[in-house]
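Per-entry structural report
Residue strings, one per chain:
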Amino acid sequence: MKTLWTNGKIATLNPALGGIGLIEDGALLAENGRIAWVGPASETSAVGSDCKTIDLEGRLVTPGLIDCHTHIVHGGNRAHEFELRLAGASYEEVARAGGGIVSTVKATRGASEDDLVASALKRLDTLLSEGVTTIEVKSGYGLDLESEAKMLRAARRLGKERAVTVRTSCLAAHALPPDYKDDRAGYLDLVVDEILPKIAAEGLADAVDAFMEGIAFDGVETARVFEKAKALGLPVKLHADQLSNLHGAALAARFGALSADHLEYTDEAGAAAMAKAGTVAVLLPGAYYTIRETQAPPVAAFRAQGVKMAIATDCNPGTSPLTSLLLTMNMSATLFRLTVDEIIAGVTREAARALGLQDETGTLEAGKRCDLAIWDVERAAELVYRIGFNPLHARVHGGKPA
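Residues numbered from 1 in each chain as written. Predicted model: local features only at pLDDT ≥ 70, side-chain atom pairs only at ≥ 80, totals over all residues. Heavy atoms only, no water.

With respect to helix α4 (residues 113-128)
Between the first and last C-alpha of α4 there are 21 Å, a value that for 16 residues agrees with the 22 Å anticipated at 1.5 Å per step. Along its length, α4 shows its largest kink, about 25 degrees, at L121. Every buried residue belonging to α4 is among L116, V117, A120, L121, R123, L124, L127 and L128, and all of these are buried. Considering only its buried residues, α4 is in contact with β6 (65-67), α3 (101-110), β7 (132-138), α5 (145-161), α12 (325-336) and β15 (392-397). (Helix = DSSP H or I, 4+ residues; strand = E, 2+ residues; numbered from the N terminus. Expected span 1.5 Å × (residues − 1). Bend = angle between axes of the 7 residues up to and from the residue. Buried < 20%, exposed > 50% of the residue type's maximum accessible area, 1.4 Å probe, protein only. Contact = heavy atoms within 4.5 Å.)

This is the structure:
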């Protein structure tokens, strides 16, 4: 029941150690799926000898990677809309013409739960092959009670089909479905009075999310959704300030959101509010890249205010068909000018914080779940610097090879 990994570079991400918390010649002991000890390899004699020992041969060990914002459960794809955007149509124009989220809603409603699981597993397997051990999955392509629940059940099943921790978010407030296109108030009533209570009663969601934007929901509507979520005991997250500054970051902070995501148009006041509330900024370079956005998130303001920053793929069929967290890491450096230390923390420690899992995973410290990614690299910067290269040697989930 005990395993000792030794002779490796251990990036603990323990903030007390500074940077990525690197122990140059380190070792880690796991027992019953939890980290029992981590420290210099020279001190392993203190942990006993009754354990299986694995020689890391100098490899780098990080916490298992965390993709804290995905939409990997969905029906169909939107390759045709990609072609339209290449021909000059904007994301808003495609959405208003019946494409975008609405087209995926039609495909998702028509898919069975088994269909959704099967297609999502293909995307999930690609992420796992790059060291991911925890993933967040959103609903939001059902937009009725039956289909939203179906999506969330499919997401829960992914954690049974694969060695991965799955967190789910109910994103029923994602867009107006076609059947409510002339009845905004009616759809909000459905979300607040029927969908959220049922989802909460069945334990299908770990959080409630919303899309606050000109093509989605305004601040008053979003606040109503969040008030209901809080009443049901569910934490909240928000797609905020992606296409315009509607002060979504500040609203997310007002509700103590775990995270506000996208944030290209967030202002200084929004950054300050997030810092005060402890709301994590989740940056999504895949969407920024795909829709050819030109305004980057205010990383300097987040740094100045002390806002924690995570990064994620935002894997979805329309605006970020991205299933590589390693590529996302490179994009975060190249497009958003994050540092290597910020990026490694952004897919481990801060991604865990964005999911409310900071006491369970995201750093290599005694008591936390033993989720590891073991890499054939000489230094952590290689994980960010390389493009189209996967140096994963081994993945460990809950102390077991995965």
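So much for the structure itself; the text now carries on.
Here's the deal with the environment of A118
By secondary structure assignment, the location of A118 is in helix α4. With relative accessibility at 40%, the residue A118 sits in the partly exposed group. With 174 residues separating them in the primary sequence, A118 and R292 have C-alpha atoms 31 Å apart.

Concerning the packing of aromatic side chains
Per the stated rule, a full pass over the model turns up 4 aromatic pairs. Arranged with centres 5.6 Å apart and planes meeting at 55 degrees, the rings of Y180 and Y187 form a pair that is tilted. Of the residues examined, Y180 reaches a relative accessible area of 23% and is grouped as partly exposed. The class for Y187 is buried, based on a relative accessible area of 0%. Aromatic rings pair up to connect Y180, Y187 and F217 into one cluster. One residue, R386, lies across the ring of F389, its end atom 4.2 Å from the ring centre. (Phe/Tyr/Trp six-rings, centres within 6.5 Å; stacked < 30°, edge-to-face > 60°. Lys NZ or Arg CZ within 6 Å of the ring centre and 35° of its normal.)

Re the side chain of E136
Along the polypeptide, E136 turns up in strand β7. Looking at E136, the relative accessible area reads 1%, which means it is buried. At 2.6 Å, the side chain of E136 forms a polar contact with the side chain of K138. Polar contacts involving the side chain of E136 include one to the side chain of S169, which spans 2.7 Å. (Polar contact = N/O pair within 3.5 Å; in protein donor to acceptor, adjacent residues only side chain to side chain.)

Quick look at the sheet that holds strand β8 (residues 165-173)
Spatial strand order, β6-β7-β8-β9-β10-β11-β12-β13: 8 strands in an open sheet with parallel pairing. Since the sheet does not close on itself, it has two edges, and those belong to β6 and β13 (309-311), each with one partner. Sheet twist, expressed as the average angle between the axes of neighbouring strands with direction ignored, equals 25 degrees. Sheet topology places strand β10 (residues 237-240) next to strand β11 (residues 259-262); 4 bridges connect them, and they run parallel. Note on β11: the bridge partner recorded for H239 is D261. With respect to the sheet, α5 is in contact with β7 and β8, its orientation differing from that of β8 by roughly 170 degrees. (Pairing = 2+ DSSP bridges. Axes fitted to C-alpha atoms, helices over the stretch in contact; angles between N-to-C directions.)

As for the UniProt feature "binding site: 4-imidazolone-5-propanoate" (unreviewed entry) in the chain
Under the local residue numbering, the UniProt record ascribes the feature "binding site: 4-imidazolone-5-propanoate" (unreviewed entry) to R78, Y141, H174, Q242 and T319. Structurally, Y141 can be placed in the loop between β7 and α5. (UniProt positions renumbered as here; feature names shortened; annotations may be inferred.)

Some points on empty space enclosed by the protein
The tally for this structure, following the rule as stated, stands at 2 cavities of 30 Å³ or more. By volume, the second largest cavity is sized at about 50 Å³. Lining of the second largest cavity is provided by E136, R167, T168, S169, D206, A207, K237, L258 and L355. Broken down by element, the lining of the second largest cavity gets its largest block of residues, 3 residues, from β8. Grouping the amino acids of the lining of the second largest cavity by side-chain chemistry returns 3 nonpolar, 2 polar and 4 charged. (1 Å grid on protein atoms, 1.4 Å probe; cavity = no way out; pocket = protein on both sides within 12 Å on 5 of 7 lines; lining within 4 Å. Points joined across faces, edges and corners; volume = space filled by probe spheres on them. Nonpolar A, V, L, I, M, F, W, Y, C, P; charged D, E, K, R; others polar.)

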